[in-house]
Amino acid sequence: MTTIGSVAANFGRDLEENYRTIAHYTEIARESGVDFLVFPEAAIGGYLSSLGNHGDTTPTSRSLPPAIRLDGPEIARVQEIIGDLVVAIGFCELDDDGVSRYNAAAVLDGTRVYGTYRKVHQPLGENMSYASGGDYRVFDTPVGRVGLQICYDKAFPEAARVMALQGAEIIASLSAWPAARTATAANLQEDRWTYRFNLFDSARALDNQVFWVASNQAGTFGSLRYVGNAKIVDPGGNVLATTTLDEGLAVAEVDVAGTFAAMRAGMFHLRDRRPDVYGSLVEVSDRADERTLASA
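Residues numbered from 1 in each chain as written. Predicted model: local features only at pLDDT ≥ 70, side-chain atom pairs only at ≥ 80, totals over all residues. Heavy atoms only, no water.

Taking an unreviewed UniProt entry as the reference, the chain is identified by name as Carbon-nitrogen hydrolase family protein belonging to Dietzia cercidiphylli.

Shown next as structure tokens:
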């Protein structure tokens, strides 16, 4: 059995405050017997203060998150805090060129970095602040084969499918997912962006028959109001535990091997694929954009 925890919490620019929050949830996770703990996108240093055309997406040293190297003191500080606990966590990664910045995540424990990921799909002007990653990989860890993705990635079924085909057992989806910017629902749990966030989580788990761990920021930062809803979803798309809008820790104990054996004994989606008819999925084409413009 494996116990998984997923965090909904607020992370801003104050690194010391971030470390205290990481330590707080690490302590709760240990008390709950958690083996694998997932923190949100940009948990070290915070996310952008806005998206889209709000006027403050232009990169400046004041508005951007701190750029962190994998071998830098910030990651080392997190490793010191978490010890032998396996953790996925988001941060702004500085490339070896000393210039390029990536919205990134790593899966690690106190002595080892098992793998890293740089966000591929960028929403609403995020490319003004970050370079884009170019691949999806799965990493062997003490809790199984883990894939990483970040926020908007969950809207693209191909992203999770690539990792499932690489043998991912658990996919950690780290987010700084906000409520809708217009016509925001009075109850954020009923907001249309909250609905999409939750629907994507269940759909991606069921699509690929994997365990899905969705962590998200909570509270507010800049013009963004986050929707929380950290959760663990089983391979049938069932939500096992969730924080809903609140800050907190969702925890679920799962039997990875046993669940896979039961789920995949009948309909096994990866086995029953028909790649021979999916060619258009990987064609580089402007036809979809042309249809969108024609209907505008």
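Student: Any chance you could explain the pattern of salt bridges here in plain terms?
Tutor: Side chains that differ in charge, positive against negative, can pair when their charged atoms come close. Tallying each qualifying case throughout the model produces 14 salt bridges. Close ionic contact of Glu16 with Arg77 constitutes a salt bridge, the shortest N to O distance being 3.2 Å. Of this pair, Glu16 sits in helix H1 (residues 15-31) while Arg77 is found in helix H2 (residues 73-82), placing the two residues 61 residues apart along the sequence. Here Glu16 falls in the partly exposed class, since its relative accessible area comes to 38%. By relative accessible area, which is 29% here, Arg77 ends up partly exposed. Overlapping salt bridges, with partners in common, bring together Glu41, Lys119 and Glu126 in one network. (Salt bridge = Lys/Arg side-chain N within 4 Å of Asp/Glu carboxyl O. Helix = DSSP H or I, 4+ residues; strand = E, 2+ residues; numbered from the N terminus. Buried < 20%, exposed > 50% of the residue type's maximum accessible area, 1.4 Å probe, protein only.)

Student: Could you clarify how one ought to interpret the packing of aromatic side chains in this entry?
Tutor: Two aromatic rings, taken as a pair, are described by how far apart their centres are and by the angle between their planes. Counting across every chain of the model gives 6 aromatic pairs. Geometrically, the ring pair formed by Phe11 and Phe39 is edge-to-face, given 6.4 Å between the ring centres and 85 degrees between the ring planes. With Phe11 in the loop between strand E1 (2-9) and H1 and Phe39 in the loop between strand E2 (36-38) and H2, this residue pair connects regions lying 28 residues apart in the sequence. For the residue pair Phe11 and Phe39, the accessibility class agrees, reading buried in each case. Centre to centre, the rings of Trp177 and Phe200 are 6.2 Å apart; their planes meet at 70 degrees, and the pair counts as edge-to-face. Here the residue Trp177 occupies a position in the loop between strand E8 (170-175) and helix H4 (192-208), and Phe200 occupies one in helix H4, the gap between them amounting to 23 residues. By the ring-pair criterion, three or more aromatic residues cluster together here, those being Trp177, Phe197 and Phe200. Between Lys154 and the ring centre of Phe197, over which it is positioned, the NZ or CZ distance is 3.6 Å. (Phe/Tyr/Trp six-rings, centres within 6.5 Å; stacked < 30°, edge-to-face > 60°. Lys NZ or Arg CZ within 6 Å of the ring centre and 35° of its normal.)

Student: Hey, could you run me through the environment of Ile171 in this one?
Tutor: Mapped onto the fold, Ile171 is located in strand E8. Counting along the chain gives 76 residues from Ile171 to Glu247, while the straight-line C-alpha distance between them is 21 Å. In this structure Ile171 touches Gly147, Gln149, Ala160, Met163, Val210, Phe211, Trp212 and Val213, once residues within four positions along its chain are discounted. (Contact = heavy atoms within 4.5 Å.)

Student: Could you clarify how one ought to interpret the packing of H1 against H2 in this entry?
Tutor: If you want to describe how two helices pack, look at the angle between their axes and the distance between the axes. Close contact between H1 and H2 brings their axes to 9 Å; oriented N to C, the two are set at 25 degrees. Taken as axis vectors, H1 and H2 run roughly parallel relative to one another. Seen from above, H1 lies across H2 with right-handed handedness. Contacts between H1 and H2 pair Leu15, Glu16, Tyr19, Ile22, Ala23, Thr26 and Arg30 from the former with Glu74, Arg77, Val78, Ile81 and Ile82 from the latter. Residue composition of the contact of H1 with H2, grouped by class: 7 nonpolar, 1 polar and 4 charged. (Axes fitted to C-alpha atoms, helices over the stretch in contact; angles between N-to-C directions. Parallel < 35°, antiparallel > 145°, perpendicular 65-115°, else oblique. Left-handed = near helix turned anticlockwise from the far one by under 90°. Nonpolar A, V, L, I, M, F, W, Y, C, P; charged D, E, K, R; others polar.)

Student: Explain the nonpolar core to me, please; I cannot follow it from the model alone.
Tutor: One recurring pattern in soluble globular proteins is that nonpolar side chains are buried together. Judged by nonpolar contacts, the single largest core of 49 residues is most densely connected at Phe36 and Leu148. Ile22, Ile75, Val78 and Ile89 belong to the second-largest nonpolar core, a separate cluster that totals 24 residues. (Core = buried A, V, L, I, M, F, W, Y, C linked by side-chain atoms within 4.5 Å.)

Student: Where do I start with helix H3 (residues 157-165) in this structure?
Tutor: All of the buried residues in H3 are Ala159, Ala160, Met163 and Ala164. Within H3, the buried residues cover an arc of 130 degrees as seen down the axis, which keeps them to one side. (Arc of directions from axis to C-beta.)

Student: Before we go on, may I ask you to explain the pairing of strand E7 (residues 144-150) in this structure?
Tutor: The side chains of a regular strand alternate between both faces of the sheet. Summarising burial for E7: 6 of the 7 residues are buried, a large majority. Sheet analysis places strand E6 (residues 138-141) next to E7, joined by 4 bridges and oriented antiparallel. Bridge assignment links Thr141 to a residue of E7, and that residue is Gly144. The loop that links E6 with its antiparallel partner E7 comprises 2 residues. The pairing of E7 with E8 spans 5 bridges and is classified as parallel. Its bridge partner being in E8, Gln149 is matched across the sheet by Ser173. Read from E7 through H3 to E8, the crossover connection turns out right-handed. (Pairing = 2+ DSSP bridges. Right-handed = clockwise from strand over helix to strand, strands pointing away.)

Student: I keep staring at the packing of H3 against H4 and nothing clicks. Help me out?
Tutor: Two elements in contact, H3 and H4, have axes whose closest approach is 10 Å; the angle formed by their N-to-C orientations is 40 degrees. Comparing the axis directions of H3 and H4 gives the class oblique. Between H3 and H4 lies a crossing of right-handed hand. Residues Pro157, Ala160, Arg161 and Ala164 of H3 touch H4, and the partners they reach there are Arg204, Asp207 and Asn208. Across the contact of H3 with H4, the residue classes break down as 3 nonpolar, 1 polar and 3 charged.

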